[in-house]
Amino acid sequence: MKIIRWIGAFILIAAVASGGLALAAWKRSELKKSAAEAANQPEPMETVIVAAAKEREHRRVTTSIGTVLAMRSITLRNEIAGTVERAALKPGQIVEAGTVLVALDVSVEEAELRAQEAQAALAETTLKRMEKLAENRATPEMELDRARQNGMLHSPRPPARRQ
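Residues numbered from 1 in each chain as written. Predicted model: local features only at pLDDT ≥ 70, side-chain atom pairs only at ≥ 80, totals over all residues. Heavy atoms only, no water.

Participant: Before we go on, may I ask you to explain the overall build of the protein in this structure?
Facilitator: Each helix and strand counted, the protein has 3 helices and 2 strands in total. Moving toward the C terminus, one meets the helices and strands of the protein in the order α-β-β-α-α. Over its C-alpha atoms the protein spans a radius of gyration of 49 Å, topping by over 25% the 15 Å that the globule rule assigns to 163 residues. In terms of overall dimensions, the protein has C-alpha extents of about 140 × 85 × 30 Å along its principal axes. Within the protein, the proportion of its 163 residues that are buried is 6%. In the protein, once contacts between residues fewer than 6 apart in sequence are set aside, the share between residues at least 24 apart is 27%. Surface summary for the protein: the accessible area is close to 16800 Å², and the carbon and sulfur share equals 58%. (Helix = DSSP H or I, 4+ residues; strand = E, 2+ residues; numbered from the N terminus. Rg over C-alpha atoms; globule rule 2.2 N^0.38 Å. Buried < 20%, exposed > 50% of the residue type's maximum accessible area, 1.4 Å probe, protein only. Contact = heavy atoms within 4.5 Å. Areas by Shrake-Rupley, 256 points an atom, 1.4 Å probe, with all protein chains shown as cover.)

Participant: Please clarify how the confidence of the model for the protein should be interpreted in this entry.
Facilitator: Keep in mind that low pLDDT regions are not for reading the predicted coordinates in detail. Per-residue pLDDT for the protein has a mean of 82; in total, 91% of the residues score no lower than 70. Taken element by element, the protein is modelled with least confidence in helix H3 (residues 141–153), mean pLDDT 74, and with most confidence in helix H1 (residues 2–40), mean pLDDT 92. Here residues 158–163 is modelled with pLDDT under 50, and outside its nearest four sequence neighbours on either side it reaches 1 contact, counting other chains as well. (pLDDT = per-residue confidence, 0-100.)

Participant: Can you help me understand a nonpolar patch on the surface in this one?
Facilitator: On the surface, Ile3, Ile7, Phe10 and Ile11 cluster together into a nonpolar patch covering about 460 Å² of accessible area. By secondary structure assignment, the location of Ile3 is in helix H1. (Patch = residues over 30% accessible without salt bridge, like charges linked within 9 Å, V, L, I, M, F, W, Y side chains within 5 Å. Salt bridge = Lys/Arg side-chain N within 4 Å of Asp/Glu carboxyl O.)

If you want it as structure tokens, here you go:
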């Protein structure tokens, strides 16, 4: 029984090997045949277009869309948001410390300051009236206290300095 197994294994190996050799021989003959056919093909032709030379106007300057990046640059950032009213920047300009480069639009802040000043003036006038009325005992003490508090809230104070 062992010999029959050995013979069967040998026949199987021989069949696989002969199939592989047959495929290799067939592939080699196809490659030779393809190379022979390629050698018989004519060379591909190149298409050439001929045009007559004409004199044309040459412009040294042209318009283009693109992005230009500086080799050296700085970035300016505001501490607060706002609309730029004036920019005193010139390319290549050397500036000293403390030079104003960009001025923001302060019209809104100026309007708020005028409104606060008007409110303070009104509070001061109201306080003076209440004090005169309090001298004659024509107003309650509570109204006078309220006017004093209002005067303190709206009294003009100098802005705090930043360092």
